[in-house]
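Observations on chain architecture
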Amino acid sequence: MLKLPQVKDVASWIAQFNAENEEIAIPDNVIERFLLGVGSHHAGMLPAHKALVEALFQAQLMKVVFATQTLAAGINMPARTTVICSMAKRGDVGSMELLETANLLQMGGRAERRGMDTDGTCVLVATPFEGPEEAASILTSEIKPVASQFSPSYFLAVNLILRGMGKLDVAKTLEQKSFAIWEK
């Protein structure tokens, strides 16, 4: 999927990452996939590994990324095509629940790279448990309002003040960027 110059670029990125992060170096089996332009992105990965996948993808050095909902949340990684292999996810108590409309739209909305594509494609894959009826139900349901999950704590405040070397600028900046402020 990658041309030789792109493979060399990916190898360079990986070599630099591994040199700077010896304790969490990218394993050989993952390097092999990266050199083919294939990666994964999920909550079980180390944040530094996810950041590398995101950077390679944004540099157009990662052609295919297998991902969970983590890819759709809050990062700019548009693709030409998204494939959603399941319209359900495991809920808090372990039961399977259909995706919420907003989540499905967010994931599918990654298809179309602004300024690069005139349109995008989102493929919903039917499974033995989810088919056209479930897809129609999700896509036509009301979108629930988004509520901020940001809840400042004493521990957060102390850490922000430490990062700001005793000044409140860092804490104020974070608070101004939080979704909770926007909701007001």
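Refer to the structure presented above.
Residues numbered from 1 in each chain as written. Predicted model: local features only at pLDDT ≥ 70, side-chain atom pairs only at ≥ 80, totals over all residues. Heavy atoms only, no water.

1. Here's the deal with the overall build of the protein chain
The cut-off we apply is this: By the criteria applied, helices consist of DSSP H or I runs no shorter than four residues and strands consist of E runs no shorter than two, each listed in order from the N terminus. The rule is simple: take the accessible area with a 1.4 Å probe, protein chains only, and divide by the maximum for that residue type; under 20% is buried, over 50% is exposed, in between is partly exposed. We call two residues in contact whenever any of their non-hydrogen atoms come within 4.5 Å of each other. Surface accessibility follows the Shrake-Rupley procedure with a 1.4 Å probe radius. Residue values consider only the protein chains on display as shielding.
Counting its regular elements, the protein chain contains eight helices and six strands. Reading the protein chain from its N terminus to its C terminus gives the helix and strand order α-α-β-α-β-β-β-β-α-β-α-α-α-α. Here the protein chain holds 184 residues, and the buried ones make up 29% of them. Pairs at least 24 apart in sequence give 65% of the contacts found in the protein chain among residues at least 6 apart. For the protein chain, the accessible surface area stands at approximately 12600 Å², while carbon and sulfur atoms represent 58% of it.

2. Points about the environment of Gly-120
Considering the arrangement of structural elements, one finds Gly-120 in the loop between helix 4 (101-108) and strand 6 (121-124). For the pair Gly-120 and Thr-82, spaced 38 residues apart in the sequence, the C-alpha separation amounts to 8.2 Å. Ignoring sequence-local partners within four residues, the contact set of Gly-120 consists of Arg-80, Ala-111 and Glu-112.

3. Describing helix 1 (residues 4-20)
The condition is simple: Multiplying 1.5 Å by the residue count of a helix minus one yields the expected span of that helix. Note: the arc covers the axis-to-C-beta directions of the helix.
With 17 residues, helix 1 extends 24 Å between its outermost C-alpha atoms, agreeing within 8% with the 24 Å of an ideal straight helix rising 1.5 Å per residue. Among the residues making up helix 1, those that are buried are Gln-6, Val-10, Ile-14, Phe-17 and Asn-18. Seen from one end, helix 1 has its buried residues packed into an arc of 105 degrees, which puts them on one side. The exposed residues of helix 1 that point more than 90 degrees off its buried face are Leu-4, Pro-5, Lys-8, Ala-19 and Glu-20. Where helix 1 is buried, its residues meet helix 2 (28-35) and helix 3 (47-58).

4. Some remarks on the pattern of salt bridges
Threshold: By convention in these notes, a salt bridge is any Lys or Arg side-chain nitrogen within 4 Å of a carboxyl oxygen on Asp or Glu.
Counted by the stated rule, this structure contains one salt bridge. In this structure, Lys-144 engages Glu-100 in a salt bridge whose closest nitrogen and oxygen atoms are separated by 3.7 Å. Placement of the pair is Lys-144 in the loop between helix 5 (132-140) and helix 6 (154-163) and Glu-100 in the loop between strand 5 (96-98) and helix 4, with a sequence separation of 44 residues. On the basis of relative accessibility, which here comes to 53%, the residue Lys-144 falls in the exposed class. For Glu-100, a relative accessible area of 40% translates into the label partly exposed.

5. Observations concerning the packing of helix 1 against helix 2
The geometry of a pair of packed helices is captured by two quantities: the angle between their axes and the separation between those axes. For the record, the criterion: Only C-alpha atoms enter the line fits that serve as axes; for helices the fit covers just the stretch in contact. Angles between N-to-C directions range over 0 to 180 degrees. In this scheme, roughly parallel covers angles under 35 degrees and roughly antiparallel covers those over 145, while 65 to 115 is roughly perpendicular and the rest are oblique. Less than a right angle of anticlockwise turn of the near helix away from the far helix marks a crossing as left-handed, whereas a clockwise turn marks it as right-handed. Each residue gets one of three labels, nonpolar for Ala, Val, Leu, Ile, Met, Phe, Trp, Tyr, Cys and Pro, charged for Asp, Glu, Lys and Arg, and polar for the others, Gly among them.
In the contact formed by helix 1 and helix 2, the axes pass within 9 Å of each other and the chain directions differ by 150 degrees. On the basis of their axis angle, the class for helix 1 and helix 2 is roughly antiparallel. As helix 1 runs across helix 2, the sense of the crossing is right-handed. Here helix 1 contributes Val-7, Val-10, Ala-11, Ile-14 and Asn-18 to the contact with helix 2, which in turn contributes Ile-31, Phe-34 and Leu-35. Residues that form the contact of helix 1 with helix 2 fall into these classes: seven nonpolar, one polar and no charged.

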